[in-house]
Amino acid sequence: MAGQCPLREDPVDLIGQALAMGPDFPGPAEDVLLSWMLKLDDGLDPVAAAAVLLRHYGVAEGPVPAGEAGRLIVLLRKTAACPPGAPRPSLGRRRRRPRD
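Residues numbered from 1 in each chain as written. Predicted model: local features only at pLDDT ≥ 70, side-chain atom pairs only at ≥ 80, totals over all residues. Heavy atoms only, no water.

Student: What am I meant to see in the pattern of salt bridges here?
Tutor: Pairing is possible between side chains that carry opposite charge, provided their charged atoms lie close to one another. In the structure shown here, the tally under the stated rule is two salt bridges. Close ionic contact of Arg8 with Asp41 constitutes a salt bridge, the shortest N to O distance being 3.9 Å. Of this pair, Arg8 sits in the segment before helix H1 (14–21) while Asp41 sits in the loop between helix H2 (29–39) and helix H3 (46–56); the two residues are 33 residues apart in sequence, bridging distant segments of the chain. With relative accessibility at 44%, the residue Asp41 sits in the partly exposed group. Its salt-bridge partner being Arg71, residue Glu30 comes within 2.9 Å of it at the nearest N-O pair. Of this pair, Glu30 sits in helix H2 while Arg71 sits in helix H4 (residues 67–80), and the two are 41 residues apart along the sequence. (Salt bridge = Lys/Arg side-chain N within 4 Å of Asp/Glu carboxyl O. Helix = DSSP H or I, 4+ residues; strand = E, 2+ residues; numbered from the N terminus. Buried < 20%, exposed > 50% of the residue type's maximum accessible area, 1.4 Å probe, protein only.)

So, in structure tokens, the structure goes:
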């Protein structure tokens with residue numbers, strides 16, 4: 001993928017690099033998914049972006065490899081399968097409760 005413009009749905013090629021590593025990807029997959037979501041443009045829906053990436057990288061269907069790369073694929077598939085209008089977790093900081 002060197003020399004190509006990054007996908008809008010994978011702006012820093014984080015998902016592409018992780019999947020290209022295959023079994024050598026050390027993970028954790030959850031950290032990569034969160035980092036990817038934080039890098040998306042504000043107007044880009046993570047559900048739609050995940051669906052685009054699954055098709056682009058050819059992992060929308062079929063068996064899932066073992067290890068953290070497989071875990072990342074599962075997480076992307078779950079993200080892409082979120083129903084429209086479903087509540088999405090906030091990625092912002094939680095407000096601290098005042099101490100008593």
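Student: Would you mind showing me how to read H4 here?
Tutor: Structurally, the α-helix is built with 3.6 residues per turn, so residues lying three or four positions apart point the same way. Counted at 1.5 Å a residue, the expected span for H4 with its 14 residues is 20 Å, and the 20 Å between its end C-alpha atoms agrees. Taken residue by residue, H4 has Ala69, Gly70, Leu72, Ile73, Leu75, Leu76 and Thr79 as its buried positions. Elements in contact with the buried residues of H4: H1, H2 and H3. (Expected span 1.5 Å × (residues − 1). Contact = heavy atoms within 4.5 Å.)

Student: Explain the nonpolar core to me, please; I cannot follow it from the model alone.
Tutor: For soluble globular proteins, nonpolar side chains are generally found buried alongside one another. If you look at the biggest cluster of nonpolar residues, it comprises 21 residues, and the most contacted ones within it are Ile15, Leu19, Trp36, Leu72 and Leu76. Secondary-structure elements contributing two or more residues to this core are H1, H2, H3 and H4. (Core = buried A, V, L, I, M, F, W, Y, C linked by side-chain atoms within 4.5 Å.)

Student: Just checking my understanding: could you explain the environment of Thr79 for this structure?
Tutor: Relative to the assigned elements, Thr79 resides in helix H4. Overall, Thr79 belongs to the buried group, its relative accessible area being 9%. Along the primary structure Thr79 and Val47 are separated by 32 residues, whereas in three dimensions their C-alpha atoms are 5.5 Å apart. Aside from chain neighbours lying at most four places away, what touches Thr79 is Leu33, Met37, Pro46, Val47 and Ala50.

Student: Sorry, what's going on with H3 here?
Tutor: Burial in H3 covers these residues: Val47, Ala49, Ala50, Leu53 and Leu54. Burial along H3 is one-sided: seen end-on, the buried residues are contained in an arc of 160°. Two residues or fewer past H3, Gly58 is found with a positive phi of approximately 70°. (Arc of directions from axis to C-beta.)

Student: Mind showing me how you'd approach unusual backbone geometry here?
Tutor: In terms of backbone geometry, most residues other than glycine have negative phi values and most peptide bonds are trans. Between Gly27 and the following residue, Pro28, the backbone shows a cis peptide bond with an omega angle of 0°. A positive phi is found at Asp13, a non-glycine position, where the angle reads about 60°. Positionally, Asp13 belongs in the segment before H1.

Student: Help me understand the packing of H3 against H4, please; the structure alone is not making it clear to me.
Tutor: A pair of packed helices can be characterised by two numbers: the angle between their axes and the separation between those axes. Viewed as axis vectors pointing N to C, H3 and H4 meet at an angle of 130°, and their least axial separation amounts to 7 Å. What the angle tells us is that H3 and H4 run oblique. In this structure, H3 meets H4 at a crossing whose hand is left-handed. Contacts from Pro46, Val47, Ala50, Ala51 and Leu54 in H3 reach Ile73, Leu76, Arg77, Thr79 and Ala80 in H4. For the contact of H3 with H4, the per-class residue count stands at eight nonpolar, one polar and one charged. (Axes fitted to C-alpha atoms, helices over the stretch in contact; angles between N-to-C directions. Parallel < 35°, antiparallel > 145°, perpendicular 65-115°, else oblique. Left-handed = near helix turned anticlockwise from the far one by under 90°. Nonpolar A, V, L, I, M, F, W, Y, C, P; charged D, E, K, R; others polar.)

Keep in mind these values describe shape, not function.
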